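Here is how the chains run, residue by residue.
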Amino acid sequence: MTALAPSLPQRLGLRMSLAARGVDTLTLLMLPAAAFLLLLFVYPFLYGLWISFQPKEGGAFANYGRFFSDPFLYDTIWSTLRLALPVTLVNLLIAVPIALRVRLMRRQRVLTTILVIPITLGTVLVAQGLLNYLGPQGWFNRTLMAAHLISSPVRLLHNYWGVFLSLLITGLPFTFLLTLSYVSGVDPALENAAATLGAGAPSRFRTILLPLLLPGLAITFCLSFVQAFSVFPSAVLLGAPSGPTRVISLAAYEAAFEQYDYGLASAIAMIMGAVQLGVVVVVLAGRGLLYRGASGGKG
Amino acid sequence: MAIHAADFRELRLDRLSRQFGAMNALNDVSLTVRRGEFIALLGPSGCGKSTTLNCLAGLLPATGGGIFLDDRRIDNLPPEQRGFGMVFQNYALFPHMSVRKNIGFGLTMRRVSKAEIARRVADAVALVRLQGQEDKLPGQLSGGQQQRVAIARAVVVEPPLVLMDEPLSNLDAKLRLEMRAEIRRIHTTMGGTTIYVTHDQEEALSLADRIVLLRDGSVRQVGTPDELYNRPAHLDVAEFMGFRNRVPGRVAQRDGDQVIVAVENATVVAQLREDLAPGAEAVLAVRPEDLVASDDGALVATVTSTEFRGRDHTGFARMADGTELVFHSEHSAPRGSIVRLRPAPERTLVFA
């Protein structure tokens, strides 16, 4: 007992100093998450990076060289951006006014639930539904023709617009939910104050709401964009996979499972990641220029 | 000082009502405010004082009655066209704009020229004594400074009416006293008309020219601070103005407004506030400070507890019939002891 006594304060000392830095036994609870991240993200990523530098033939960068010398491959970047950027922007343009309206409603939860249902459906089911709905014999065309608005069916499938619409439907709920949380974070008293100072609704939006929402909208844009950029099922099912909607994930899929060239497929995946990162960095850098403090609300 | 309030004669609320579903938040409130007055809307929470203010500002549509500025009906105008200045409870400063931009916001919306805005913002900054803080963001200011910005922002447009919604409730006690004096000073300096919502009777008494006491959405009494403090018209008004003791009794004798009320085995001389004939049941209302321990005191009670107040003690006692009394005494009365309390005759009021 007497022999143990002197060592006790020392042990306490170590534990206390760790606790002061925020490390205690609770920190151990982080381990499963860390292991999960390590096993399912970091390891596959590094492995993919590693095999992307091991082409079937040529030097370490041969896969990257091949991608950027073959228009059939490097054009996929543009065709994907051409889909993902406008879809994300349109999503935001739709989500913001809805969120502004929903914020003032009492039965918020009902509408939110309805708007969120598409998330639970999954991209394939939505694509399947759109195939019927937008087809030449589908409701959409038949309704328009019955109303004599068009004389022959509009082609909305197996081209750019099919994929565009499907991405819009599956992406909107996500964008809307994020936007709603940012919108309800702005204190309504700010708008009231602006109103009593003589600002009409358009001025209030321009001078108060928009500046306070922009940082949040930038984050929403990034997350929605990344989702849209990795489009795959709808590009195949509703698009023209060999033409305008030959997206980058499709190129990676073909390299891996049609040509069995895992090195090239990994290189394409890395390029895909780099493009996403590039867009996100540009948007976040722009966000850095904005006011990012409290928006005076509950958020 | 270059900031002066816009000219008008009077603001009139005519039977203003507001319903929320089946609930009447505001019930036929009529009131005439003359130019230059400082009006306090006073009442407990839920009495309709903030509803009145929001209806005035146009942030809440009234469901009945009208609001008139001189002969112009304004209750159908949106807030941006009424041109009243409003100071919010949580200040509602625009967090992304500098103090200068916040104060100048109303002028920018009115398309005032840049030079004119700069001049008037400087005047407003001087009025609220915030020189040197113009380029800070609201988040960098203390609560008191934010309050000053909010006031400057509301008055810089020289509105006919400034509406204040419990502007001091988020400040600590010391700052509250300081800003109270500031608000009165600014009101006087610009010759403005102010409608001030508060639940704090002390604030209302010290600031207002006239107090409007509201309860359950209706006006209970309108009067000067002196009238409300010394001559409340109803028992609930008296209670709110600090008449904490209510003692049931019976009118024994009446001589004009002076009455003798029988309580238990004793009699109390008091002032009649409502029309009561001898024999009628009545309630005596008296403030703790007007209920003093005295050998000839009529009200006999047992002390239940005492609180130290600094200069004297607040005692709590119970009469034989269960009536609770609060009184002030120089010495701490021991718990369980019997006290005889004498209500001051001039300051004891009788209600039905």
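Residues numbered from 1 in each chain as written. Chains lettered and ligands numbered in written order. Predicted model: local features only at pLDDT ≥ 70, side-chain atom pairs only at ≥ 80, totals over all residues. Heavy atoms only, no water.

Along chain B, the regular secondary structure elements total 9 helices and 20 strands. Counting only C-alpha atoms and orienting by the principal axes, one finds that chain B spans roughly 75 × 45 × 35 Å. By the burial criterion, 53% of the 352 residues in chain B qualify as buried. Long-range pairs, those at least 24 residues apart, make up 67% of the contacts in chain B between residues at least 6 apart in sequence. Working note: accessible area of chain B is about 15600 Å², and carbon and sulfur atoms make up 47% of it. For chain B, the centre of its 43 positive side-chain charges and the centre of its 44 negative side-chain charges are spaced 6 Å apart. (Helix = DSSP H or I, 4+ residues; strand = E, 2+ residues; numbered from the N terminus. Buried < 20%, exposed > 50% of the residue type's maximum accessible area, 1.4 Å probe, protein only. Contact = heavy atoms within 4.5 Å. Areas by Shrake-Rupley, 256 points an atom, 1.4 Å probe, with all protein chains shown as cover. Lys, Arg positive; Asp, Glu negative; His and termini not counted. Charge placed at Lys NZ, Arg CZ, Asp CG, Glu CD.)

Looking now at unusual backbone geometry. All names here are of chain B. Backbone geometry at E166 places phi at a positive 40°, although glycine is not the residue there. With respect to the element layout, E166 can be found in the loop between β7 (162–165) and α6 (173–190). A positive phi angle is found at D216, which is not glycine, with a value near 50°.

With that out of the way, let us pick up the environment of L39(A). Residues and elements named next belong to chain A. Examined against the element boundaries, L39 turns out to sit in helix α2 (residues 31–52). For L39, a relative accessible area of 59% puts it in the exposed group. On a C-alpha basis, the gap between L39 and A199 in space is 54 Å, while along the polypeptide they are 160 residues apart.

Right, let's talk about the side chain of S234(A) for a bit. Mapped onto the fold, S234(A) is located in helix α11 (residues 233–237). Contact partners of S234(A), with chain neighbours within four places excluded, come to V163(A), S166(A), L167(A) and G239(A).

For the rest of this paragraph, the subject is the domain arrangement of chain B. Residues and elements named next belong to chain B. On domain assignment, one finds that chain B holds domain 1 (10–236) and domain 2 (244–351). Relative placement of domain 1 and domain 2: their C-alpha centres are 39 Å apart. On the domain 2 side, the residues contacting the 7 residues of domain 1 number 10 residues. Each partner contributes to the roughly 720 Å² buried at the junction of domain 1 and domain 2, and carbon and sulfur atoms together form 50% of this total. (Domains from an automatic or database assignment. Buried area = accessible area lost by both parts, 1.4 Å probe.)

Time to look at the pairing of strand β13 (residues 266–272) of chain B. Residues and elements named next belong to chain B. Within β13, 5 of the 7 residues are buried, which leaves it mostly tucked inside the rest of the structure. The pairing of strand β12 (residues 258–263) with β13 spans 6 bridges and is antiparallel. What sits directly across from Q258, in β13, is Q271. The hairpin turn running from β12 into β13, its antiparallel successor, is 2 residues long, and E264 in that turn takes a positive phi close to 50°. (Pairing = 2+ DSSP bridges.)

So, on to the nonpolar core. The biggest cluster of nonpolar side chains holds 95 residues, and the ones touching the most others in it are I268(A), L11(B), F94(B), F105(B), L163(B) and I195(B). By residue number, the principal contributor to this core is helix α4 (residues 71–102) of chain A, which donates 12 residues. Here I268(A) is in contact with F67(A), L73(A), I248(A), A251(A), A252(A) and A255(A), once residues within four sequence places are set aside. Grouped together as the second largest cluster of nonpolar side chains are 45 residues, V125(B), V155(B), L171(B) and L213(B) included. (Core = buried A, V, L, I, M, F, W, Y, C linked by side-chain atoms within 4.5 Å.)

Our next topic: the interface of chain B and chain A. Across the contact, 20 residues belong to chain B and 23 residues belong to chain A. When chain B packs against chain A, the two sides together hide about 1700 Å² of surface, and 72% of this comes from carbon and sulfur. Here chain B and chain A share 1 salt bridge between them. Of the charged contacts, one joins R204(A) and E80(B) as a salt bridge, the two residues approaching to 3.4 Å between their closest N and O atoms. Grouping the constituent residues of the side of chain B that touches chain A by class yields 14 nonpolar, 3 polar and 3 charged. (Salt bridge = Lys/Arg side-chain N within 4 Å of Asp/Glu carboxyl O. Nonpolar A, V, L, I, M, F, W, Y, C, P; charged D, E, K, R; others polar.)

Let us now look at the packing of aromatic side chains. Two aromatic rings are characterised by how far apart their centres lie and by the angle between their planes. Within the structure shown, the criterion is met by 15 aromatic pairs over all chains. Residues Y160(A) and W161(A) carry aromatic rings whose centres are separated by 5.1 Å and whose planes lie at 85° to one another, so their mutual orientation is edge-to-face. On the basis of relative accessible area, Y160(A) is assigned to the buried category, the value being 14%. The exposure class assigned to W161(A) is partly exposed, which follows from its relative accessible area of 45%. Centre to centre, the rings of F94(B) and F105(B) are 4.7 Å apart; their planes meet at 55°, and the pair counts as tilted. Note that F94(B) is positioned in the loop between β6 (85–87) and α3 (99–109) and F105(B) in helix α3, a separation of 11 residues in sequence. (Phe/Tyr/Trp six-rings, centres within 6.5 Å; stacked < 30°, edge-to-face > 60°.)

One side chain can pair with another of opposite charge once the charged atoms of both are near each other. Residue and element names in this part refer to chain B. By the definition in use, this model includes 28 salt bridges over all chains. Between E37 and R34 there is a salt bridge; the shortest N-O distance is 3.4 Å. With relative accessibility at 8%, the residue E37 sits in the buried group. Taking the shortest distance from any N to any O, the salt bridge between R185 and E182 comes out at 3.0 Å. Remark: E182 and R185 occur in helix α6; sequence separation between them is 3 residues, near one turn of the helix. For R185, a relative accessible area of 24% gives the class partly exposed. Using a relative accessible area of 7% as the deciding quantity, one classes E182 as buried. By sharing partners, the salt bridges in this structure join R129, R148, E178, E182 and R185 into a single network.

Okay, the sheet that holds β13(B) next. Residues and elements named next belong to chain B. Sheet architecture is closed into a barrel: 5 strands sit in the order β11-β12-β13-β20-β14, paired in mixed fashion. The mean inter-strand angle of the sheet, taken between neighbouring strand axes irrespective of direction, is 55°. Pairing geometry for strand β14 (residues 281–286) and strand β20 (residues 349–351), over 3 bridges, is antiparallel. Note that in β20 the partner of A285 across the bridge is L349. (Axes fitted to C-alpha atoms, helices over the stretch in contact; angles between N-to-C directions.)

Think of an α-helix as turning once every 3.6 residues; residues three or four places apart then point the same way. Residues and elements named next belong to chain B. Taking 1.5 Å per residue as the helical rise, helix α4 (residues 114–127) with its 14 residues ought to reach 20 Å, and the 20 Å between its terminal C-alpha atoms agrees with that figure. Those residues of α4 that sit buried are I117, R120, V121, D123, A124, V125 and L127. Here the buried face of α4 lies against α3, α5 (143–155) and α6. Once α4 ends, the next one or two residues include R129, with phi positive near 55°. (Expected span 1.5 Å × (residues − 1).)

Okay, the environment of A199(A) next. Residue placement: A199(A) occurs in the loop between α9 (188–196) and α10 (201–229). Look at A199(A) and you get buried, because its relative accessible area is 0%. Between the alpha carbons of A199(A) and V23(A) there is a distance of 51 Å; along the sequence they are 176 residues apart. Each residue touching A199(A), except ones within four places of it in the same chain, is listed here: A194(A), R204(A), E80(B), F105(B) and M109(B).

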